[in-house]
Amino acid sequence: MVTPFALDPQQRAWSEELRALAAERLRPLAAAGEPGRVNRPLVAALGELGLLARLFPAGRAPAGASEGPAPDAVRAMDLCLLRESLARECTEAETALALQGLGAYPVVQSGSARQRARWMPEVVAGRAVAAFALSEPAAGSDAAALELRAEPDPGGAGDGWRLTGEKTWISNAPEADVYTVFARTGQAPGSRGVTAFLVPGDSAGLSGRGLDMLSPHPIGTLTFDGVPVGAGDVLGVPGGGFRVAMRTLDLFRPSVGAFAVGMARAALAAAVAHTGERRAFGGPLKDLQAVSHQLAEMATRTEAAALLVYAAAAAYDAGEPGIAARSAMAKLFATETAQYVVDAAVQLHGARALRRGHLLEHLYREVRAPRIYEGASEVQRTIIAKELYR
Ligand code: COS
């Protein structure tokens, strides 16, 4: 029997298929990649295997999407199952897929037919690499404080701007082919004065450099030195950029939770295998109650995190109210849980888990950043608390 709290048989079968693809086809490509650089063969494989097409089923939004949400353009549950399943076998593939999604979803959600036609087929094929550029040196958690200036372009056709300023901690920068960039147009304060633009990576005046971060994928800064953009590059409407960003994060936050659940499941499976085999004090480790209770706690919290993620994704797909808070809860709980589970799995393995190249050494590095990006745990609590008083 399938209950509302379980994946259905097709979803389970698809998850298994994805894991097999990740282990057999994507892991070798990930292993051949250069740390800190975009792995283009990996992104291309995500296209060739049809995984990006599953993420963006139409490659474009339904008619009218530029005025409002396009709920069937991206299925949150599909996004979550993709991310969880890939993460169990190959976090690099997971992240490459997620960044294509995060960078290009604003085009599906708020882009014009021309913008979608220009970029989505390339993104879906894995030929164009996308990125989401919101954070700045002085605007991380407080996204509405962003300062990148979009000033009317006196030399332009009359409907253009020039972008001047800096973005930082941008995944896939400076190598992406197209960026969703949030800039300040006009004098309106805070979130009201923000506009989203689509900026090609080879735009005049745009440069960047990589940052040496705890991350296998590239993260960098972008410097905008009078980068020209026109009315046709606006995503949505001028002044509507903050909503574009927040609605994108509403979709992606549960899926960050799904990434975390995938890592937690991988760590738990490793810990179960190890404690079943490793002998100490006259028997397998699992026979020690301190060990078995630890495994039980890890399994219980992972299951709870998965259920919260699936519930938030299902609510998103059903168009239910209160999505911002449910999204925030899923991300908060799952990322904090994964940190706990991976750390506990390391402890159960002892020194061998810290050897460079061990699965848990890899997961221990990978599990930290999701508690910070797309809104730190503290930001998620702020969003949840705000909803309580709405
Ligand atoms: N969907 C649609 N609109 C939303 C929204 C959402 N989920 N959340 C906020 N908005 C709208 C609000 O309705 C409000 O609109 P009005 O001015 O018309 O009333 C506007 O956006 C501002 O909202 P709010 O006052 O809540 O904004 P704050 O400046 O208080 O910021 C947080 C809210 C903290 C939630 C936001 O800054 C944030 O998400 N920070 C983290 C940023 C982040 O995740 N960065 C990671 C980058 S990607 S790695």
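Reading the values: the criteria
- Residues numbered from 1 in each chain as written.
- Predicted model: local features only at pLDDT ≥ 70, side-chain atom pairs only at ≥ 80, totals over all residues.
- Heavy atoms only, no water.
- Near = heavy atom within 4 Å.
- Areas by Shrake-Rupley, 256 points an atom, 1.4 Å probe, with all protein chains shown as cover.
- Helix = DSSP H or I, 4+ residues; strand = E, 2+ residues; numbered from the N terminus.
- Nonpolar A, V, L, I, M, F, W, Y, C, P; charged D, E, K, R; others polar.
- Domains from an automatic or database assignment.
- Core = buried A, V, L, I, M, F, W, Y, C linked by side-chain atoms within 4.5 Å.
- Buried < 20%, exposed > 50% of the residue type's maximum accessible area, 1.4 Å probe, protein only.
- Contact = heavy atoms within 4.5 Å.
- Pairing = 2+ DSSP bridges.

(A) Examining the site of the ligand more closely. Every one of the 23 residues lining the ligand counts as a neighbour, but S141, R192, D250, G375 and K386 are closest to it. In isolation the ligand has 1000 Å² of accessible area, and contact with the protein removes 68% of it. For the shell around the ligand, the secondary structure elements donating two or more residues are α7 (241-277) and α11 (377-388). Looking at which element gives the most residues to the shell around the ligand, the answer is α7, with 7 residues. By residue class, the composition of the shell around the ligand is 11 nonpolar, 5 polar and 7 charged. Both domains that furnish three or more residues to the shell around the ligand are identified here as domain 2 (130-241) and domain 3 (243-388).

(B) Region of interest: the nonpolar core. In this structure, L26, F56, L163, F182, F197 and M298 are the most contacted members of the largest nonpolar core, which totals 115 residues. For this core, the element with the highest residue contribution is α7, accounting for 16 residues. If we skip the residues at most four places from it in the chain, L26 touches L21, L42, A45, L46, L49, L51, L86, C90 and A93.

(C) Quick look at the pairing of strand β7 (residues 219-229). Within β7, 8 of the 11 residues are buried, which leaves it mostly tucked inside the rest of the structure. With 9 bridges connecting them, strand β3 (residues 161-171) and β7 associate as antiparallel partners. Residue pairing for β7: G165 is matched across the bridge by F224. Bridge analysis of strand β6 (residues 206-210) against β7 gives 5 bridges, and the strand direction is antiparallel. Across the sheet, L206 pairs through a bridge with F224, a residue of β7.

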